Amino acid sequence: MNPLEQRLNYKFRNALLLAEALTHPSIGHETQRRHFDNQRLEFLGDAILQLIVTEHLFARFPGQSEGQLTKMRSRLVSREGLRRLAVSLGLGAYIMMGKGEEANGGRTRASALADAYEALLGALYLDSGLVTVRDFVVREMEPALEELGHEPIDVNPKGRLQETLQSISLRSPKYTVISQEGPDHLKEFATKVLWEGLELGSGRGNSKKMAEMAAAVDALERGIWKEFPRVTE
């Protein structure tokens with residue numbers, strides 16, 4: 001078993017699946033040659049992850065409404081949530097990527113880490129099946145699931161953030177779109193939330209509204225305003 005397989009506590013029967021999951025598209029783009037990458041496995045892993053998290057939240061939080069469960073799931077499978085899981089595995093060190101992508105910080109980029117994590121789940125599923133992936137996901141997400149149990153995510157994170165900040169200052173947080181990617185029918189927006197000259201958080205979503213909500217969730221989790229002595233609650 002290689003070090004990553006030891007961390008996963010799983011030995012791949014088909015080593016090519018693991019290699020594919022860890023291959024960033026930048027290799028093909030850089031060499032201008034046809035080369036497999038992790039995008040197809042990412043597609044598969046995303047669907048499997050959604051199913052596992054939905055099933056687990058449904059069983060674990062029987063008293064929560066559909067809206068609350070949706071927000072909980074969004075928090076767990078957000079790009080930031082997946083980045084954290086990938087970092088805990090040390091996944092960035094194992095991704096195979098082009099030299100340009102690596103030089104530009106690709107190994108620590110949230111999108112690369114989140115995509116590789118989902119691709120890894122897709123590879124696990126094809127190599128062993130749903131039970132193995134479910135056990136792995138639930139085990140790795142347990143700290144985040146515990147947090148949800150103690151402090152469930154608010155159905156309206158933007159409203160919660162605004163109320164928190166306006167108890168400190170009369171100024172409201174401002175949301176700014178910093179990038180748009182993808183075709184018109186599959187846009188992804190990146191947004192940051194600013195307040196009193198501070199960048200409190202950032203988020204992504206398939207609409208401006210979803211990106212703003214993700215940025216608010218990120219801001220609430222980080223609580224940056226608490227670190228500055230000139231801003232007190």
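Residues numbered from 1 in each chain as written. Predicted model: local features only at pLDDT ≥ 70, side-chain atom pairs only at ≥ 80, totals over all residues. Heavy atoms only, no water.

Chemist: For this particular structure, what's the right way to read the packing of helix α6 (residues 79-89) against helix α8 (residues 110-128)?
Modeler: Relative orientation and spacing of two packed helices are given, respectively, by the angle between their axes and the distance between those axes. Between α6 and α8, the least distance of the axes is 8 Å, while the angle of their chain directions is 75°. Classified by the angle their axes make, α6 and α8 are roughly perpendicular. On α8, the residues touching R79, L82, R83, L85, A86, V87 and L89 of α6 are A110, S111, L113, A114, Y117, E118 and L120. Residue classes in the contact of α6 with α8 are distributed as 10 nonpolar, one polar and three charged. (Axes fitted to C-alpha atoms, helices over the stretch in contact; angles between N-to-C directions. Helix = DSSP H or I, 4+ residues; strand = E, 2+ residues; numbered from the N terminus. Parallel < 35°, antiparallel > 145°, perpendicular 65-115°, else oblique. Contact = heavy atoms within 4.5 Å. Nonpolar A, V, L, I, M, F, W, Y, C, P; charged D, E, K, R; others polar.)

Chemist: I tried to follow the packing of aromatic side chains on my own but got confused; where do I start?
Modeler: Between two aromatic rings, the relevant description is the distance of the centres plus the angle of the planes. In this structure the tally under the stated criterion is two aromatic pairs. Aromatic side chains Y10 and F12 sit 5.2 Å apart centroid to centroid with 85° between the ring planes, which places their arrangement in the edge-to-face category. Judged by its relative accessible area of 13%, Y10 is buried. Over the aromatic face of Y175 sits the side chain of K158, whose NZ or CZ is 4.8 Å from the ring centroid. (Phe/Tyr/Trp six-rings, centres within 6.5 Å; stacked < 30°, edge-to-face > 60°. Buried < 20%, exposed > 50% of the residue type's maximum accessible area, 1.4 Å probe, protein only. Lys NZ or Arg CZ within 6 Å of the ring centre and 35° of its normal.)

Chemist: How should the sheet that holds strand β2 (residues 188-195) be read in this particular structure?
Modeler: Strands pair in a sheet through their backbones, by hydrogen bonds, and they do so in one of two ways: parallel or antiparallel. On the basis of which strands lie adjacent, the open sheet formed by three strands has the order β1-β2-β3 and antiparallel pairing. At either end of the open sheet lies a strand with only one pairing partner, and these are β1 (174-181) and β3 (198-205). Here the strands of the sheet are splayed against their neighbours by 20° on average, with no regard to which way each runs. Two strands pair when backbone bridges link them, and β2 and β3 are joined in this way by seven bridges, in the antiparallel orientation. Looking at the pairing, V193 lines up with G201 of β3. (Pairing = 2+ DSSP bridges.)

Chemist: Please clarify how the layout of surface pockets should be interpreted in this entry.
Modeler: If you add up the space inside the second largest pocket, you get close to 160 Å³. H24, P25, N38, Q39, E42, E101, R109, S111, A112 and D115 are the residues that line the second largest pocket. Looking at the lining of the second largest pocket, the elements that each hand over two or more residues are α4 (39-60) and α8. No other element matches the three residues that α8 contributes to the lining of the second largest pocket. Residue classes in the lining of the second largest pocket are distributed as two nonpolar, four polar and four charged. (1 Å grid on protein atoms, 1.4 Å probe; cavity = no way out; pocket = protein on both sides within 12 Å on 5 of 7 lines; lining within 4 Å. Points joined across faces, edges and corners; volume = space filled by probe spheres on them.)

That is the geometry; function is a separate question.
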